[in-house]
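Listed below are the residues making up each chain.
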Amino acid sequence: PIVADLVQRPTFPADELSLLKRRLAMDWRARLSTPATRALDIYGRAIYGAATGPPVTEESFAAITSDRVQAWHREHYAPQNTSVSIAGAVDNGEAERLARAALSGWARSNHVERLPPMPASPQRRVHIIDRAGSLQTSLVVGAATVDRVHADYLPLVVANRVLGGTAAARLFVKLRDERGLTYGAFS
């Protein structure tokens with residue numbers, strides 16, 4: 001019942017939102033100082049263009065208000081866009097019954113999720129950011145490959161997580177744990 005209430009009737013208190021905005025801005029500034037974040041930002045814009053949205057700025061955080069967050073929530077958080085996952089020592093039938101009962105009054109919205117179109121293959125380009133004095137270098141290479149609506153998209157996402165998508169994936173573990181190297185690689 002508590003989770004159902006939070007999902008259906010969040011309040012986004014201004015004081016808590018203000019604290020979150022400060023933490024997000026601090027995290028953003030810290031990440032922006034790393035070569036990896038800068039490289040991934042340029043990569044995303046090179047591959048996906050305007051679909052990545054406007055660049056994040058200090059003003060972006062200031063523009064977040066409780067009213068704007070509530071409006072976005074009303075439009076996007078709806079039963080037609082939601083999956084419920086329950087993990088633990090629970091009876092499947094009972095867990096599903098409780099979830100359905102708790103969420104039965106949740107009204108659909110008019111929002112229809114529209115994924116951005118598959119980007120055209122970009123021309124071969126090299127983007128270099130000179131970071132004088134930087135102790136690290138990040139190299140990002142890639143292209144858009146499989147449209148999100150393709151039947152193989154989710155299986156490929158799962159395969160990527162296993163092979164090279166996280167610090168626990170085989171590619172990273174092979175370099176760090178098995179070979180003792182101090183750099184990382186992700187797919």
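Parameters at a glance
- Residues numbered from 1 in each chain as written.
- Predicted model: local features only at pLDDT ≥ 70, side-chain atom pairs only at ≥ 80, totals over all residues.
- Heavy atoms only, no water.
- Helix = DSSP H or I, 4+ residues; strand = E, 2+ residues; numbered from the N terminus.
- Buried < 20%, exposed > 50% of the residue type's maximum accessible area, 1.4 Å probe, protein only.
- Contact = heavy atoms within 4.5 Å.
- Areas by Shrake-Rupley, 256 points an atom, 1.4 Å probe, with all protein chains shown as cover.
- Lys, Arg positive; Asp, Glu negative; His and termini not counted.
- Charge placed at Lys NZ, Arg CZ, Asp CG, Glu CD.
- 1 Å grid on protein atoms, 1.4 Å probe; cavity = no way out; pocket = protein on both sides within 12 Å on 5 of 7 lines; lining within 4 Å.
- Points joined across faces, edges and corners; volume = space filled by probe spheres on them.
- Nonpolar A, V, L, I, M, F, W, Y, C, P; charged D, E, K, R; others polar.
- Phe/Tyr/Trp six-rings, centres within 6.5 Å; stacked < 30°, edge-to-face > 60°.

### What about the overall build of the protein?
Step number 1: Scanning the protein from terminus to terminus reveals eight helices and zero strands.
Step number 2: Each helix and strand of the protein, placed in order from N terminus to C terminus, yields the pattern α-α-α-α-α-α-α-α.
Step number 3: Taken over the C-alpha atoms alone, the protein extends approximately 55 × 40 × 35 Å along its principal axes.
Step number 4: Considering the protein as a whole, with its 187 residues, one finds that 13% of them fall into the buried category.
Step number 5: Sequence-distant contacts, at least 24 apart, represent 66% of the contacts inside the protein between residues at least 6 apart.
Step number 6: When the accessible surface of the protein is totalled, it reaches about 14700 Å², and 57% of it is carbon and sulfur.
Step number 7: Both charge centroids of the protein, one from 23 positive and one from 18 negative side chains, sit 5 Å from each other.

### Quick word on the environment of D147
Step number 1: Relative to the elements of secondary structure, D147 occurs in the loop between α6 (92-103) and α7 (153-163).
Step number 2: Looking at D147, the relative accessible area reads 27%, which means it is partly exposed.
Step number 3: D147 sits 30 residues away from P117 along the chain, and the two C-alpha atoms are 7.8 Å apart.
Step number 4: Among residues more than four places away in sequence, those in contact with D147 are M118 and Y153.

### Quick look at the layout of surface pockets
Step number 1: As a volume, the largest pocket reaches approximately 1500 Å³.
Step number 2: Along the wall of the largest pocket there are 37 residues; nearest its centre are L40, Y43, V140, N160 and S187.
Step number 3: Those elements giving two or more residues to the lining of the largest pocket turn out to be α3 (35-48), α7 and α8 (170-178).
Step number 4: Here the lining of the largest pocket takes five residues from α3, the largest share from any one element.
Step number 5: Of the residues that constitute the lining of the largest pocket, the class distribution is 23 nonpolar, eleven polar and three charged.
Step number 6: Considered as a void within the structure, the second largest pocket measures approximately 610 Å³ in volume.
Step number 7: Split into classes, the residues belonging to the lining of the second largest pocket amount to 13 nonpolar, seven polar and four charged.

### Quick word on unusual backbone geometry
Step number 1: If you check the backbone angles, F12 has positive phi at about 45° while not being a glycine.
Step number 2: Among the structural elements, F12 can be located in the loop between α1 (2-8) and α2 (14-32).
Step number 3: Owing to a relative accessible area of 25%, F12 belongs among the partly exposed residues under this scheme.

### Description of the packing of aromatic side chains
Step number 1: Within this structure, the stated rule accounts for three aromatic pairs.
Step number 2: Summarising the aromatic geometry, the rings of W72 and Y77 are spaced 6.0 Å apart at their centres and angled 65° between planes, so their arrangement reads as edge-to-face.
Step number 3: Its relative accessible area of 48% is what places W72 among the partly exposed residues.
Step number 4: A residue is classified by how much of its surface remains accessible, and Y77, at 44% relative accessible area, is partly exposed.

### Some points on the environment of T52
Step number 1: Among the secondary structure elements, T52 is positioned in the loop between α3 and α4 (58-62).
Step number 2: The exposure class of T52 is partly exposed, given its relative accessible area of 34%.
Step number 3: Setting aside chain neighbours within four positions, we find T52 in contact with G44 and R45.

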